[in-house]
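Chain residues, written in single-letter form:
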Protein chains: 4
Amino acid sequence: MRASLRSHVDRDRGELAAAYEHVRSATERLCADLSPEVCTAQSMTEASPVKWHLAHTSWFFETFVLSASVRGYEPFHPEFSYLFNSYYNAIGERVARSERGLLTRPTLEEVMAYRRHVDERMRECIERSRPLDAAVVELGCHHEQQHQELILTDVKHLLSRNPLQPAFRARGCMQRPADVAPRARFIGYAEGLHEIGHAGGGFAFDNESPRHRVFVHAFELASRLATNGEILEFIADRGYERPELWLSDGWDAVQMHGWRAPLYWQPDGERWMQFTLAGVREVEPAEPVCHVSHYEADAFARWAGARLPREAEWEVAARELPVDGNFVESGELHPLADVRVTDDASAIDAPHAMFGDVWEWTCSAYDAYPGYRPAPGALGEYNGKFMVNQMVLRGGSCASPRAHLRASYRNFFHPHARWQFSGIRLARDL
Amino acid sequence: MRASLRSHVDRDRGELAAAYEHVRSATERLCADLSPEVCTAQSMTEASPVKWHLAHTSWFFETFVLSASVRGYEPFHPEFSYLFNSYYNAIGERVARSERGLLTRPTLEEVMAYRRHVDERMRECIERSRPLDAAVVELGCHHEQQHQELILTDVKHLLSRNPLQPAFRARGCMQRPADVAPRARFIGYAEGLHEIGHAGGGFAFDNESPRHRVFVHAFELASRLATNGEILEFIADRGYERPELWLSDGWDAVQMHGWRAPLYWQPDGERWMQFTLAGVREVEPAEPVCHVSHYEADAFARWAGARLPREAEWEVAARELPVDGNFVESGELHPLADVRVTDDASAIDAPHAMFGDVWEWTCSAYDAYPGYRPAPGALGEYNGKFMVNQMVLRGGSCASPRAHLRASYRNFFHPHARWQFSGIRLARDL
Amino acid sequence: MRASLRSHVDRDRGELAAAYEHVRSATERLCADLSPEVCTAQSMTEASPVKWHLAHTSWFFETFVLSASVRGYEPFHPEFSYLFNSYYNAIGERVARSERGLLTRPTLEEVMAYRRHVDERMRECIERSRPLDAAVVELGCHHEQQHQELILTDVKHLLSRNPLQPAFRARGCMQRPADVAPRARFIGYAEGLHEIGHAGGGFAFDNESPRHRVFVHAFELASRLATNGEILEFIADRGYERPELWLSDGWDAVQMHGWRAPLYWQPDGERWMQFTLAGVREVEPAEPVCHVSHYEADAFARWAGARLPREAEWEVAARELPVDGNFVESGELHPLADVRVTDDASAIDAPHAMFGDVWEWTCSAYDAYPGYRPAPGALGEYNGKFMVNQMVLRGGSCASPRAHLRASYRNFFHPHARWQFSGIRLARDL
Amino acid sequence: MRASLRSHVDRDRGELAAAYEHVRSATERLCADLSPEVCTAQSMTEASPVKWHLAHTSWFFETFVLSASVRGYEPFHPEFSYLFNSYYNAIGERVARSERGLLTRPTLEEVMAYRRHVDERMRECIERSRPLDAAVVELGCHHEQQHQELILTDVKHLLSRNPLQPAFRARGCMQRPADVAPRARFIGYAEGLHEIGHAGGGFAFDNESPRHRVFVHAFELASRLATNGEILEFIADRGYERPELWLSDGWDAVQMHGWRAPLYWQPDGERWMQFTLAGVREVEPAEPVCHVSHYEADAFARWAGARLPREAEWEVAARELPVDGNFVESGELHPLADVRVTDDASAIDAPHAMFGDVWEWTCSAYDAYPGYRPAPGALGEYNGKFMVNQMVLRGGSCASPRAHLRASYRNFFHPHARWQFSGIRLARDL
């Protein structure tokens, strides 16, 4: 990803240094209680070891800031570029993604030393370098925030594969009294020619640009996220067994993987339990459903007589709302039920939880906005080369840092992916 | 697919009968010279045996017309619904797609008897049935035209896997004197709010509806298709070896399959040969490139400093042009070089070969138009359930029947597919 | 395989010509009713199309006799060596085994013309060539007999995959009145130093030589083959679900393939049906069990408190018996129940059906006899290079030509193979 | 494996306690320098994490001694039986072998606490239990010695997959001055009826029994192991590229895995380097070749005009020799060159290094000795169920504890396995 040209190249260095410190220390607080064992293992190709995330985010600053800007900078270790490059072909060869769990060395301790080394040199660099590409530093901070979320989703997947099903953290993911979720209503939006994409002012990734016009047909959006209770109805109505509800590729995935419920759900006699970052507990009907693939989201929507929102629709609805919600800072690490008073549904005139809780699958394939140009060089590989076979998700989750999000933010995953905190908001044509 | 509600339900029955006869006999002429051996084999999961196509198209009429409309109709064979259902889950179980080549029985002769049986009953039905769902008959005819093209692409793939590389047909695919293709120029189109999709009047598939507004940004389109000569330059410039030119999934496909040139190309000392439906002959630089995946089309476009067109752009440019070009009726079965006089490129004010020759990959993911509704029941599975992970192609090819095409027609394949007559037209932002 | 040096190099040419004619015409009679469709398809990598067998056996004579011995012999077609070589690396490249079903050309008719061409030249050659390597002609005849059996097993597998489950031949595989199989008894053999292997006199494959001494411990052998009725007891006792009965690799195969019964068995309500070369009919308890893997044979033996015989034990027991039994010449194409009078089991002093009915899995890995030397050149690849990971089977089946068998004959397949007519005879330590 | 009935059930308890302490502490010394990261990761399905070995060997004593013999014994952790069972189906479900690397918890520290807990209870048990099944304790000690060797081979494989190629231990694997290996000569053995298998007196696994007669044909055995220098000649003679040298399954493995040299060899310009437990160093021609599959051993032997020994031949030759050689106790952790004076080859009348250095592949498939009976219950799964598809290796390696070996010892691996310290000794028919 190329940092927006509209980024604060001239922002105050002190502010930049503070942002850097904030992001880096947040990452380390997240991992503070993790053992070397947990930080080393990799549970599937799509997920990475925590240790790798810790090193890769440092490698990013080392490669794109220190090596690029600091005269005579010597990399901390000559092989780390090979070990901790994620996918930047322009930077050179790298460890196969599926083999990151074999990186028993460097140890966690050595990786933490690497982080300290990079931090020290980055502090000097931010303070003193002439010139300093502040946009790349800012990009590196947002990059690290993405990895903070991935650390949580990847470690959740890893721990779930351990028969002991250990908790990541005892607190959080608290089960609330069994509230009933409010009835969802649909909120209407008129048709019109809108501008979407990053409007300038603050950081954005290159895939949010350029801002451009798009004609949006009249639509309506559900006032809240789809709930576990609704998915339980879908299951009870044999939703996972009826091919007519599914996209063809989705039905193939159901058959191949034997899906019968969202990821992390497990039957326990009559009830469903779910693995959370605080361990196993009962599925709570009022909570938003989480850890579903695009295929499941799409099939559920079809069953419900609705569809998933287009990304432009979502953005039009979201951009007037404050970026407010259940983010990683709440410490919940789990989506929360909508507990608004439900007596008068008609009083609800804005969709709830557009930000936070769960990423919302859209029916829009991830593509280039008209006029999109990736940055030259290796940073141009950040976003553009993934613009095929993936679907856009919007709004952030309970594992996203609040400062990382905005209405124009485009997340994207393959439609079969389930290990992110991904959920469902329904939409309909008007 | 649901036939358009705007279809000619009330058209004259004689006309419908003639259309039916025309389509059915065209299919049989196409296969007239094929041996039982060729008609039985299946070269890959995505392709089907000719015998299967011959039977499946008949099954379509039997299932959706005869069984639905003719009181007391007895299917020709009780198991054929199982054998020749393609993907209609609502109709019931079916033979796994990858095992169609194991259907040694019914024999080709029995399948032809099945066709005759269905034809006789269809003739009676079209003449006499009260009521007759003429829209479904028309749909069946267009369905069979799609399979005519697939018969050619599937049998081409099959024959290419035989070390003898036998011709499908001796005539056609003639090599022309080595014309140089005219220099391509780019033709500009202004931005604007356009309507795309089927405008009514004549048949269309459900995925072309509803007609709807879309804002199209200013763009330009190449005056002709990309040529073999240009791909040879791409190859010479190491295009297949430079990851920075490729989408990430595309680069994975290059590595996994060892792609080094379009499908059916084979090196012969210094030159490149290609397998055609008339056998192996030299690659002709002036001809349009053919049998490339979306990934290759996209990488070539990036290398050329351009991009692939969006489907709305393509439709806006194509809809004023006559549906004219090199279709299956020419008997060429191979794309033809653009031989317009090239002295004055500026005289060219419309793109050439928008219809016929090769399907043109767009950069648009195949999705539902705003307001799209699939038909109820099994016919609703025709198009809608494929709306994920596939890319739209436009314009038809040298293997398409002319009557099958129109400006709003949306074809779609997975981005790695290469065995269709698929090629490249470049576009650019203005 | 190298023909035994003890072979009849000097036998009368008329006799050799007669043997040749006999074998070649037997092959063609076997295939006389098969359609081009059936002869072309390949149902799995391990099996080959009938057309391929017909051509490959001719290629063997063309390559190892005509091209080697006839001055100026021109191969029938320059590409056939590539198409119809099975695995002789010394002869050159060949079509991948898994792609033999794509050889739609040459057609069946062309293959039969190839056979006629080879037959004519072979007749001349046998009559006139000086010198003539009669041992290789004889080897080619035995080679073709092996493929006669494979034609039956491969076409059985192919037809079984067709949902129509068509018969290969209406006659044969007759269901007998439901006789009860006689109680099996165990026949004892004293320990001793024995010679096993080919003793000279008549043809043998190289893997049966040299004859050599082996110490055989006292053992006993079941008086008859294990029956379907006994396997039904094994199934009822949850034999396919109890890992303690299985070899570790066998249990993996059970899990991976979902085995619950022998190949070609299918449940039909309360009863079991089986696919035979005459179509589907009920499983007959008194018949020998057939189409089991080595793993199933071994697990069944363990369940029965016994084991499989060693190949030396089998040979010691078999060599005094006449080569008599239910072979392909009976036309049954299915194993037959042992119908000896059972009142006095003690009167039975020799094992029944040691030859014919089903190949008997031994617990001996296929290996080289002490002093074994493969022939030089391509024919040396016949047997020796398969001497790892395969298990020996003895005795021939209802699909073997009688003249092909003898007590020293060693057949071999991978332990998971089930599509041969393979069954079980129990043994025990004394 | 069932401990031999001839085992010292009545041996002195003090001796048993000492043996137990010796083995357990040897395991821990082996792992003393390994980080939690190294102890957690798993590099392939066939290898296990060190942590798993440490726990599994303790689980063995807990399950088969403490739970079986100590009234009221409470397992250390209720889930450990599930986590650390290797393949004893009779004990119940277990973690899939390929997922042992996901056992991030228990941590290494917790596993060491588990070991201490088991050790304490075992000490009490050995001292006080009435009755005590001393044979199972002894079996557990030998079982743990097997895992000591596996710890070394598995951690070697793991470290080799790390691009940093870190050493397991700095000392050991020293490169010696480039001695030339002595010319090998062949030592002859006359034919005869021999007894092989465990003769009683001391511990043996059940697969070494019963001792039984076997007729051994005259043979000769190479006076030393095959060397790296000889494999370099094999490579130079295109040994890895000539199918006629290979077993058919071996050639498939060469193609599939791209083998071009023994495991852990890597080209470096003109020379070959190899990864050892002390890091990367040059390949030394005089050293015994190591880390070859059975397929490579067999192909090399064929190329050399020889063959691999049968296991009975090996045992006949070895049983008069002292169990003396380069074992794990030497600290070399790498095979050593034979440095006997070579002037008078004829003076060498016994094969060198029959014990230690490298396991010697035989051409004998691993099977049951005549009269073999596995133990009843779960311990019966130790050896018997692996008696298919594996080849016997003899003699122990530089990673084996000396006390673990004897002439009748049978090791076994699949023929494609290369990560053990496996090498080659040639044999010939006389």
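What counts as what
- Residues numbered from 1 in each chain as written.
- Chains lettered and ligands numbered in written order.
- Predicted model: local features only at pLDDT ≥ 70, side-chain atom pairs only at ≥ 80, totals over all residues.
- Heavy atoms only, no water.
- Least-squares fit on C-alpha atoms with pLDDT ≥ 70 in both.
- Pairing = 2+ DSSP bridges.
- Helix = DSSP H or I, 4+ residues; strand = E, 2+ residues; numbered from the N terminus.
- Axes fitted to C-alpha atoms, helices over the stretch in contact; angles between N-to-C directions.
- Contact = heavy atoms within 4.5 Å.
- Buried area = accessible area lost by both parts, 1.4 Å probe.
- Salt bridge = Lys/Arg side-chain N within 4 Å of Asp/Glu carboxyl O.
- Nonpolar A, V, L, I, M, F, W, Y, C, P; charged D, E, K, R; others polar.
- Buried < 20%, exposed > 50% of the residue type's maximum accessible area, 1.4 Å probe, protein only.
- Polar contact = N/O pair within 3.5 Å; in protein donor to acceptor, adjacent residues only side chain to side chain.
- pLDDT = per-residue confidence, 0-100.
- Phe/Tyr/Trp six-rings, centres within 6.5 Å; stacked < 30°, edge-to-face > 60°.
- Lys NZ or Arg CZ within 6 Å of the ring centre and 35° of its normal.
- Parallel < 35°, antiparallel > 145°, perpendicular 65-115°, else oblique.
- Left-handed = near helix turned anticlockwise from the far one by under 90°.
- Disulfide = S-S within 2.5 Å.

Q: Just to check I follow, could you spell out the relation of the copies chain D and chain A for this structure?
A: Copy one and copy two of the chain differ by a rotation about a common axis and a shift along it. For the pair chain D and chain A, the best superposition has an RMSD of 0.0 Å and corresponds to a rotation of 180° with a translation of 0.1 Å parallel to the axis. Taken together, the rotation and translation describe the operation of a two-fold axis. Taking the C-alpha atom as reference, chain D places E37(D) closest to the rotation axis, 2.7 Å from it.

Q: Honestly, the sheet that holds strand β12 (residues 427–429) of chain C in this entry has me stumped. Any pointers?
A: All names here are of chain C. The strand order β1-β4-β12 describes an open sheet built from 3 strands, whose pairing is antiparallel. Among the strands making up the open sheet, the edge pair consists of β1 (186–189) and β12. Each strand of the sheet is rotated relative to its neighbour by a mean of 25°, with strand direction disregarded.

Q: Can you help me understand the interface of chain B and chain C in this one?
A: It is common to give the size of an interface as the accessible area that goes away when the parts come together. With 31 residues of chain B in contact, the opposing surface of chain C contributes 32 residues. Interface of chain B and chain C: buried area, both sides summed, is about 2,500 Å²; carbon and sulfur atoms make up 62% of it. Of all residues in chain B, E37(B), L102(B) and R105(B) give up the largest surface area on contact with chain C, accounting jointly for 29% of the area buried on that side. For the pair chain B and chain C, the interface holds 2 salt bridges. Listed by contribution, the elements that provide at least two residues to the side of chain B that touches chain C are α2 (36–40), α4 (80–84) and α6 (134–160) of chain B. With 4 residues, the top contributor of residues to the side of chain B that touches chain C is α2(B). Residues belonging to the side of chain B that touches chain C are distributed by class as follows: 16 nonpolar, 9 polar and 6 charged.

Q: When you look at the sheet that holds strand β11 (residues 391–394) of chain A in this model, what are you seeing that I'm missing?
A: Backbone-to-backbone hydrogen bonds join strands into a sheet, with any given pair of strands oriented parallel or antiparallel. Residues and elements named next belong to chain A. With mixed pairing, the 4 strands of this open sheet are ordered in space as β12-β11-β10-β13. At either margin of the open sheet sits one strand with a lone partner, and together these are β12 (411–413) and β13 (422–423). By the bridge criterion, 2 bridges tie strand β10 (residues 359–365) to β13 in an arrangement that is parallel. Residue E360 lies in a different strand from β13, and its bridge partner there is G423. Helix α10 (residues 311–318) rests against β10 and β11 of the sheet, and its axis sits at about 15° to β11.

Q: I'm lost on the pattern of salt bridges in this one. Help?
A: Side chains carrying opposite charge are able to pair once their charged atoms draw close together. Counted according to the given criterion, the structure contains 124 salt bridges over all chains. Taken together, the shared-partner salt bridges in this structure form one network comprising R24(A), E28(A), R115(A), D119(A) and E144(A).

Q: Got a minute to help me understand the side chain of D206(D) in this structure?
A: Residues and elements named next belong to chain D. Mapped onto the elements, D206 comes out in the loop between β2 (192–196) and β3 (212–216). Residue class for D206 comes out buried when judged on its relative accessible area of 1%. There is a polar contact of 2.9 Å between the side chain of D206 and the side chain of N383.

Q: Would you mind showing me how to read the confidence of the model for chain A here?
A: Detailed conclusions should not be drawn from predicted coordinates in areas where pLDDT is low. Residue and element names in this part refer to chain A. Looking at chain A, pLDDT values average 92 and 93% of them are 70 or higher. Here residues 1–10 is modelled with pLDDT under 50, and outside its nearest four sequence neighbours on either side it reaches 33 contacts, counting other chains as well. Overall fold confidence (pTM) sits at 0.93, and the ipTM for the predicted complex is 0.93.

Q: How should the interface of chain D and chain A be read in this particular structure?
A: In this complex, chain D contributes 32 residues to the contact, which on the side of chain A involves 32 residues. Regarding the contact of chain D and chain A, the summed buried area is about 2,500 Å², with carbon and sulfur atoms giving 62% of it. For chain D, the biggest contributors to the area lost against chain A are E37(D), L102(D) and R105(D); these three give 29% of the whole. Along the contact surface separating chain D from chain A lie 2 salt bridges.

Q: Is there a simple way to think about the packing of aromatic side chains in this case?
A: Each pair of aromatic rings is reported with the distance of its centres and the angle of its planes. For the structure shown, the criterion picks out 104 aromatic pairs over all chains. With 5.5 Å between their ring centres and 80° between their planes, F234(A) and W303(A) make a pair best called edge-to-face. With a gap of 69 residues between them, F234(A) in helix α7 (residues 228–236) and W303(A) in helix α9 (residues 294–303) connect regions that are remote in the sequence. Take F234(A): its relative accessible area is 1%, and that puts it in the buried class. Accessibility expressed as a relative area gives 24% for W303(A), which makes it partly exposed. Following the ring pairs from residue to residue traces out a cluster consisting of Y20(A), W59(A), F60(A), F61(A), F64(A), F203(A), F205(A), W359(A), Y382(A) and Y409(A). The ring of Y369(B) carries R410(B) above its face, with NZ or CZ at 4.0 Å from the centroid.

Q: I'm lost on helix α7 (residues 228–236) of chain B in this one. Help?
A: Residues and elements named next belong to chain B. Within α7, the full set of buried residues consists of N228, G229, E230, I231, F234 and I235. Considering only its buried residues, α7 is in contact with β5 (265–268), β6 (271–276) and α9 (294–303). Looking at the residues trailing α7, positive phi occurs at R238, about 60°.

Q: So what exactly am I meant to see when it comes to unusual backbone geometry here?
A: For the peptide bond that leads from R105(B) to P106(B), omega is 5°, which places it in the cis range. Here the residue pair S209(D) and P210(D) is connected by a cis peptide bond, since its omega of -5° sits within 30 degrees of zero. Relative to the helices and strands, P210(D) resides in the loop between β2 and β3. Positive phi values are uncommon outside glycine, yet N389(A) reaches one of about 70°. Its location among the elements puts N389(A) in the loop between β10 and β11. For N389(A), a relative accessible area of 17% gives the class buried. Of note in the backbone geometry, Y264(C) takes a positive phi value of approximately 80° without being a glycine.

Q: For this particular structure, what's the right way to read helix α10 (residues 311–318) of chain B?
A: Think of an α-helix as turning once every 3.6 residues; residues three or four places apart then point the same way. Among the 8 residues that make up α10(B), 8 are buried, leaving the element largely enclosed by the rest of the structure. Along α10(B), the positions that sit buried rather than exposed are E311(B), A312(B), E313(B), W314(B), E315(B), V316(B), A317(B) and A318(B).

Q: What's the story with the environment of V155(D) in this structure? I'm lost.
A: Residues and elements named next belong to chain D. When you line up the elements, V155 lands in helix α6 (residues 134–160). Among the residues examined, V155 registers a relative accessible area of 1% and is labelled buried. Residues V155 and S48 lie 107 residues apart in sequence; the distance between their C-alpha atoms is 8.5 Å. Ignoring anything within four residues of it in the chain, the contact list for V155 reads L34, V38, V50, L150, F168 and L277.

Q: So what exactly am I meant to see when it comes to the packing of helix α3 (residues 50–69) of chain B against helix α5 (residues 108–128) of chain B here?
A: Two numbers describe a pair of packed helices, the interaxial angle and the distance between the axes. All names here are of chain B. Interaxial distance between α3 and α5 falls to 9 Å at its minimum, and their mutual angle equals 30°. Relative to α5, α3 is oriented roughly parallel. Read as a crossing pair, α3 and α5 show a hand that is left-handed. Note on element contacts: α5 touches α3 through L108, V111, M112, Y114, R115, V118, R121, M122 and C125, opposite K51, L54, A55, T57, S58, W59, F61, E62, V65 and L66.

Q: Would you mind showing me how to read the arrangement of the chains here?
A: Kept free of each other, chain A and chain C leave a smallest C-alpha distance of 14 Å between them. There is a gap between chain B and chain D: no contact, and a shortest C-alpha distance of 14 Å.

Q: I keep staring at the state of the cysteines and nothing clicks. Help me out?
A: The bond known as a disulfide is covalent and runs between the sulfur atoms of two cysteines. Inspection of the entire model under this criterion finds 0 disulfides over all chains. With no disulfide partner, C141(B) has as its closest neighbouring cysteine sulfur the one in C125(B), 12 Å distant. For C141(B), a relative accessible area of 5% puts it in the buried group. Counting only cysteine sulfurs, C31(D) is the nearest neighbor of C39(D), a cysteine outside any disulfide, at a range of 6.0 Å.

Q: Just to check I follow, could you spell out the pairing of strand β4 (residues 219–222) of chain B for this structure?
A: Remark: a regular strand shows side chains that alternate across the two faces of the sheet. Residue and element names in this part refer to chain B. Burial of the side chains of β4 extends over both faces: F219 and L221 are buried on one face and E220 and A222 on the other. Here 4 bridges tie strand β1 (residues 186–189) to β4, and the two strands are oriented antiparallel to one another. From the neighbouring strand, G188 faces β4, where its bridge partner is E220. Relative to strand β14 (residues 427–429), β4 runs antiparallel, the two being bridged by 3 bridges. Bridge assignment links L221 to a residue of β14, and that residue is A427.

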